[in-house]
Structures are given as structure tokens and as C-alpha cells.
Amino acid sequence: MTQDELKKAAALAALDYVLEGAIIGVGTGSTVNHFIDGLGGIKARITGAVSSSEASSARLRALGIPLVDLAEVDELPVYVDGADEIDGGFSMIKGGGGALTREKIVAAVSRRFVCICDASKQVATLGRFPLPVEVIPMAARHVARELAALGGQPKLREGFVTDNGNLILDVHGLAIAEPAKLEARINQIVGVVTNGLFAQRGADVLLLAAPEGVRREQ
Ligand code: 5RP
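Residues numbered from 1 in each chain as written. Predicted model: local features only at pLDDT ≥ 70, side-chain atom pairs only at ≥ 80, totals over all residues. Heavy atoms only, no water.

Turning to the packing of aromatic side chains, a few remarks are in order. Per the stated rule, a full pass over the model turns up one aromatic pair. It is K94 that lies over the ring of F198; its NZ or CZ is 5.5 Å from the centre. (Phe/Tyr/Trp six-rings, centres within 6.5 Å; stacked < 30°, edge-to-face > 60°. Lys NZ or Arg CZ within 6 Å of the ring centre and 35° of its normal.)

Okay, structure coming up:
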């Protein structure tokens, strides 16, 4: 099976977690795109979707799935999203697609985070995938210096602007032994909007696709 076929298998397994009549939180990325396509087939069973990016909104809209503004809901029962890395404690690195801030906001409002991944995303220690950090443009150099002081090698994501009009620094060379601590520490740097560590609010369910099938862990 190709990696994309594995992503699709994990994504379609997540349709089991969509609640009848509910609003579903939808993440961003190539794995989530398969989930959105599957959601199109059962759209009559849901009220609508809260989206975490302009890209996912466009795909949901094209399938006729009603978009709901997060500002209009107090709580979401389920949020489905991918990850760039996930560890044994269900802490994640996210933001490879640059949607980390909105993803983190939607995740914060959700009761259950269902993470959909192919098996290559599972790691013992987070950090081989460069950690994305969204920064206010005028603070980019300051934040880069602070991240270097924490032991990382930040690189500006060239030619990329987030849905919020900000920049991304991808931080290489971090071995992240304590994800929740580092998440809080990086968020304290002035000029950081948020960082791609999802540890304080990690996943609740992991649907991990391997050639043998989709493993459900929680
Ligand atoms: C986007 C994300 C994605 O969930 C993450 O990058 C995984 O992407 P893909 O499903 O394309 O492998 O965090 O900001």
C-alpha cells in the first residue's frame, strides 16, 4: 500500500466517530482531505463542520457540507485531524501544512480529538519533524534568536503566509523529551502566536493505518 492509501484508510475509519446530527471539527492536510471526501458521502447525517483552514473550508464547501463558524458554538463533540508526528502519550507535532493555530483552537473546543495517521508518523520521541512555530512577522528575527537559545535551528518557511497573515519558523534539531513543557515555554516567547506541539491538549484516539489494517488506540 502507498502512504496515501494508508492515509485514506485511517481517514475513512474516522467516519465511525462522526456523531449523528452533530457539528464535526475538521483539521487540515492530505489525510484530512480523505476524511472530508468521506464526510461528503454522509453529509445528510451531520449538521455541519467547523474548519481549521481556508483549504479545508474550500473542500468542505465544494462538497456541499455546511460550514459553521467556531464563534457560534460552545463545544464540539469530535475533532478529526492528522499529525506530522505522534508519540506514545498521544502528544503530537502538527503544522506541516501551516494551519497549526486554527487547528489548536478547534482542538481546544473539542471533547474528543481523533488523530488519523499512517504508521510512519508514530515516533518514540518527538522532534525529527521540524517543529512549526507561527510568528507575527515583525517578531520573526527575535523569535528565531530565542528558539536558537533553546537549542533549535529555526528556518523561515520561504514564500509561506498562514491563513492568519503570519510567518512560520520550522525548528530543526529538537529532541523533545517533555513536549508539554516545551509547548508552554515556546508560547511564552513574545511574538509567537502558537507552536505546533499539541501536548497540553493531545489526541484522545489514534487511528493508525499500517498495511495490516487500521489500529485503534485510546
Ligand atoms: C497541518 C497539519 C497536518 O495535520 C499535518 O501536517 C499532517 O499532514 P498530512 O495529513 O498531509 O500528512 O498539522 O497543519
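Let's pick the thread back up.
A few words now on the UniProt feature "active site" (unreviewed entry) in the protein. Here the UniProt-annotated "active site" (unreviewed entry) positions come out as E103. Within the fold, E103 resides in helix α4 (residues 100–109). By relative accessible area, which is 3% here, E103 ends up buried. (UniProt positions renumbered as here; feature names shortened; annotations may be inferred. Helix = DSSP H or I, 4+ residues; strand = E, 2+ residues; numbered from the N terminus. Buried < 20%, exposed > 50% of the residue type's maximum accessible area, 1.4 Å probe, protein only.)

This part covers the pattern of salt bridges. Summed over all chains, the structure comprises twelve salt bridges. With a shortest N-O distance of 3.1 Å, D16 and R216 are connected by a salt bridge. Of this pair, D16 sits in the loop between α1 (3–13) and β1 (23–26) while R216 sits in strand β13 (residues 213–217), placing them 200 residues apart in sequence. Classification of D16 by relative accessible area gives exposed; the value is 55%. Among the residues examined, R216 registers a relative accessible area of 44% and is labelled partly exposed. Across the salt bridge formed by E103 and K94, the nearest N and O atoms sit 3.1 Å from each other. (Salt bridge = Lys/Arg side-chain N within 4 Å of Asp/Glu carboxyl O.)

With that settled, the discussion passes to the site of the ligand. Every one of the 17 residues lining the ligand counts as a neighbour, but S30, T31, D84, G95 and K121 are closest to it. Separating an oxygen atom of the ligand from a backbone N or O atom of G82 is a distance of 3.4 Å. Take E103: an N or O atom from its side chain is 3.1 Å from an oxygen atom of the ligand. The protein chains hide 92% of the 380 Å² of surface that the ligand would expose on its own. Residues that form the shell around the ligand fall into these classes: two nonpolar, nine polar and six charged. (Near = heavy atom within 4 Å. Polar contact = N/O pair within 3.5 Å; in protein donor to acceptor, adjacent residues only side chain to side chain. Areas by Shrake-Rupley, 256 points an atom, 1.4 Å probe, with all protein chains shown as cover. Nonpolar A, V, L, I, M, F, W, Y, C, P; charged D, E, K, R; others polar.)

Turning our eyes to something else, we now look at the nonpolar core. In this structure, I24, V26, F35, L39, V114 and I116 are the most contacted members of the largest nonpolar core, which totals 26 residues. Only α1, β1, α2 (30–41), β3 (76–81), β6 (110–118) and β12 (205–210) provide two or more residues apiece to this core. Excluding residues within four positions of it along the chain, V114 makes contact with A14, Y17, V78, Y79, V80, D81, V205 and L207. (Core = buried A, V, L, I, M, F, W, Y, C linked by side-chain atoms within 4.5 Å. Contact = heavy atoms within 4.5 Å.)

Looking now at the packing of α1 against α2. The contact between α1 and α2 brings their axes to 8 Å, and the two run at 50°. Of the possible angle classes, the one that applies to α1 and α2 is oblique. Of the two possible hands of crossing, α1 and α2 adopt the one that is right-handed. Of the residues in α2, those touching α1 at D4, K7, K8, A11 and L12 are S30, T31, H34, F35 and G38. Classifying every residue of the contact of α1 with α2 by side-chain character gives three nonpolar, four polar and three charged. (Axes fitted to C-alpha atoms, helices over the stretch in contact; angles between N-to-C directions. Parallel < 35°, antiparallel > 145°, perpendicular 65-115°, else oblique. Left-handed = near helix turned anticlockwise from the far one by under 90°.)

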